[in-house]
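# Residue-level structural notes
For reference, the chains in residue letters:
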Amino acid sequence: MAAFNEQLAERIDRYIESLFVPDDAVLASNLKNADAAGLPPIQVSANQGKLLYLLVRMTGARRVLEIGTLGGYSTTWMGRALPAGGRLISLEFEPRHAKVARENLAAAGLDGVVEVRVGDAAASLTAMVESGEPPFDFIFIDADKSGYPKYLDLALGLSRPGTVIIADNVLRNGGVLEENPADANDRGARAYNAAVAAHPRLESVALPILKGKIDGITISIVK
Ligand code: SAH
Ligand code: DHB
Ligand code: MG
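Residues numbered from 1 in each chain as written. Chains lettered and ligands numbered in written order. Predicted model: local features only at pLDDT ≥ 70, side-chain atom pairs only at ≥ 80, totals over all residues. Heavy atoms only, no water.

## Things to note about the site of ligand 2
Filter applied, for reference: In this text, near means that some heavy atom of the residue lies within 4 Å of the molecule or strand in question. By the criterion applied in these results, polar contacts are pairs of N or O atoms within 3.5 Å in which, for protein atoms, one can donate a hydrogen and the other can accept it, and in which residues neighboring in sequence qualify only through two side-chain atoms. Areas reported here follow the Shrake-Rupley algorithm with a probe of radius 1.4 Å; residue values treat only the protein chains shown as occluding. Grid spacing is 1 Å over the protein atoms alone, the probe is 1.4 Å, and a cavity is where that probe fits but cannot get out, while a pocket is an open set with protein on both sides within 12 Å along at least five of seven lines and lining residues have an atom within 4 Å of a point. Grid points define the cavity or pocket, and a molecule sits in it when more than half of its atoms lie within 2 Å of them.
Near ligand 2, the surroundings consist of Ile42, Asp142, Lys145, Asp168 and Asn169. Within the side chain of Asp142, a nitrogen or oxygen atom sits 2.7 Å from an oxygen atom of ligand 2. Here Asn169 contributes a side-chain N or O atom positioned 2.8 Å from an oxygen atom of ligand 2. In isolation ligand 2 exposes 290 Å². Once the protein is present, 60% of that is buried. Its atoms largely coinciding with the cavity grid, ligand 2 occupies the largest pocket.

Laid out in structure tokens, this is it:
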């Protein structure tokens, strides 16, 4: 990929964080517990967590769906943005991850707000569509990238006009620029971006996000 000054990107990311993301004991212990349990450190950055928090606040979302929980770090940011009576359902394949997430969410005081559902996200989403789950206001897609196109289709079945759908890791340090990426995650992210761009029910844009490398989110609103 093209040369990029990762050191400068890292410094800018830390500058933003120092301004807008105060130290937070609950979030710090969330990351510490996830690390101690051997979970991979692949959660959203602090700045991105703040962005998700603001987007949930700005949309006035009351029902949030997350696909890919890990240790519940992004979940905590979004859960904290909900009004009283709000609800967040987060889907996770690995029981080990879900266990850490549930402990972290309880420590964050969000155990009455968030439900972590264990299983393959496509199966959980299909079951939700079939059981007539009411639409969500805000959907965050962040599980296996090769599954993104099918998660999009299923997420649309759980949406209403105005639902915001956000997908993480859609630029992958330029990995999505290749026409036919060798990496399955790059391929999934590229297919996702193409699908939302062409979708008649969606208006969208992708937003680069610095984390040392360049990654980003795709933001869509359902028409
Ligand atoms: N959203 C989290 C990070 C999620 S990492 C945060 O920012 O804090 C991606 C997660 O997706 C991992 O925990 C992984 O186990 C989970 N995952 C991978 N494949 C999945 C699948 N098919 N269904 C549900 N979850 C899956
Ligand atoms: C990685 C980062 C992510 O945000 C994610 O959802 C999955 C993997 C990574 O850096 O490998
Ligand atoms: Mg991610």
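## Observations concerning the coordination of the magnesium ion (ligand 3)
Note the cut-off: For Na, K and Ca the donor cutoff is 3.2 Å, while for all other metals N, O and S atoms must lie within 2.8 Å; water is not among the atoms, so some sites may look incomplete. The numbering of helices and of strands both runs from the N terminus, where a helix is a DSSP run of H or I of at least 4 residues and a strand a run of E of at least 2. Each residue gets one of three labels from its accessible area relative to the maximum for its type: buried under 20%, exposed over 50%, partly exposed in between, using a 1.4 Å probe on protein chains only.
Donor atoms from the polypeptide that bind the magnesium ion (ligand 3) are Asp142 (OD), Asp168 (OD) and Asn169 (OD1), placed at 2.0 to 2.1 Å. For the magnesium ion (ligand 3), all donor residues lie on one chain, and their spacing in sequence is D-x25-D-N. Note that Asp142 is positioned in the loop between β4 (138–141) and α7 (148–156) and Asp168 in strand β5 (residues 164–168), a separation of 26 residues in sequence. Take Asp142 and Asp168: they sit in the same class, and that class is buried.

## Considerations on helix α8 (residues 184–198)
Within an α-helix, residues lying three or four positions from one another point in the same direction, as the helix has 3.6 residues per turn. Using the following cut-off: Helix span, as expected, comes to 1.5 Å for every residue beyond the first. Directions are taken from the helix axis to each C-beta atom, and the arc is the one they span. Contacts: residue pairs with any heavy atoms within 4.5 Å of one another.
In this model, α8 (15 residues) spans 21 Å end to end at C-alpha, consistent with the 21 Å of a helix rising 1.5 Å per residue. Burial in α8 covers these residues: Asp186, Gly188, Ala189, Tyr192, Asn193 and Val196. For α8, the angular spread of buried residues about the axis comes to 165 degrees, placing them on one side. Elements in contact with the buried residues of α8: β4, α7, β5, β6 (202–211) and β7 (213–222). Near the N-terminus of α8, the side chain that reaches the backbone nitrogen of Asn185, with its oxygen 2.8 Å away, is that of Asp183.

## So, the layout of surface pockets
This is how the line gets drawn: Grid points are joined across faces, edges and corners, and a volume is the space filled by probe spheres set on the points. Any residue that is not Ala, Val, Leu, Ile, Met, Phe, Trp, Tyr, Cys, Pro, Asp, Glu, Lys or Arg is counted as polar, Gly included; the first ten are nonpolar and the last four charged.
Space inside the largest pocket adds up to approximately 500 Å³. In this structure, the largest pocket is lined by 30 residues; those nearest its centre are Ile42, Gly68, Glu92, Asp142 and Ala143. Those elements giving two or more residues to the lining of the largest pocket turn out to be α2 (25–36), α4 (73–80) and β2 (87–92). Top element by residues in the lining of the largest pocket is α2. It accounts for three residues. Of the residues in the lining of the largest pocket, the class split is 13 nonpolar, ten polar and seven charged. Considering the residues around the second largest pocket, the lining is formed by 13 residues, among which Ile16, Asn47, Gln48, Leu51 and Ile209 are closest to the centre. Contributions of two or more residues to the lining of the second largest pocket are made by α1 (6–20), α3 (46–59) and β6. Considering every element that reaches the lining of the second largest pocket, the biggest residue donor is α3, with five residues. Each residue belonging to the lining of the second largest pocket can be placed in one class, and the counts come to nine nonpolar, two polar and two charged.

## Remarks on the pairing of strand β1 (residues 63–67)
Remember that side chains alternate between the two faces of the sheet whenever the strand is regular. Under the convention used in this document: For two strands to count as paired, DSSP must find a minimum of two bridges between them. Classification remark: right-handed applies to a crossover when, strands pointing away from the viewer, the course from the first strand over the helix to the second runs clockwise.
For β1, the buried fraction is high: five of the five residues fall into the buried class. Covered by surrounding structure in β1 are Arg63, Leu65 and Ile67 together with Val64 and Glu66, the residues of both alternating faces. Here five bridges tie β1 to β2, and the two strands are oriented parallel to one another. By the bridge assignment for β2, Val64 is matched with Leu88. Crossover handedness for the path β1 to α4 to β2: right-handed. Direction of pairing for β1 relative to β4: parallel, over a ladder of four bridges. Across the sheet, the residue bridging to Val64 is Phe138, located in β4.

## Some points on the nonpolar core
Put simply, the test is: Among the buried residues, those of types Ala, Val, Leu, Ile, Met, Phe, Trp, Tyr and Cys that are joined through side-chain atoms within 4.5 Å form a nonpolar core.
Formed by 29 residues in total, the largest nonpolar core has its most connected members in Leu65, Ile67, Leu125, Ile141, Tyr151, Ile165 and Tyr192. When residues of this core are traced back to their parent elements, those giving at least two are β1, β2, α6 (121–130), β4, α7, β5 and α8. If one sorts the elements of this core by residue count, α7 sits on top with six residues. If we skip the residues at most four places from it in the chain, Ile67 touches Leu91, Ala121, Leu125, Phe140, Ile141, Asp142, Ala143 and Tyr151. Core analysis: the next-biggest nonpolar cluster, separate from the first, contains 28 residues, Val44, Trp77, Phe140 and Ile209 among them.

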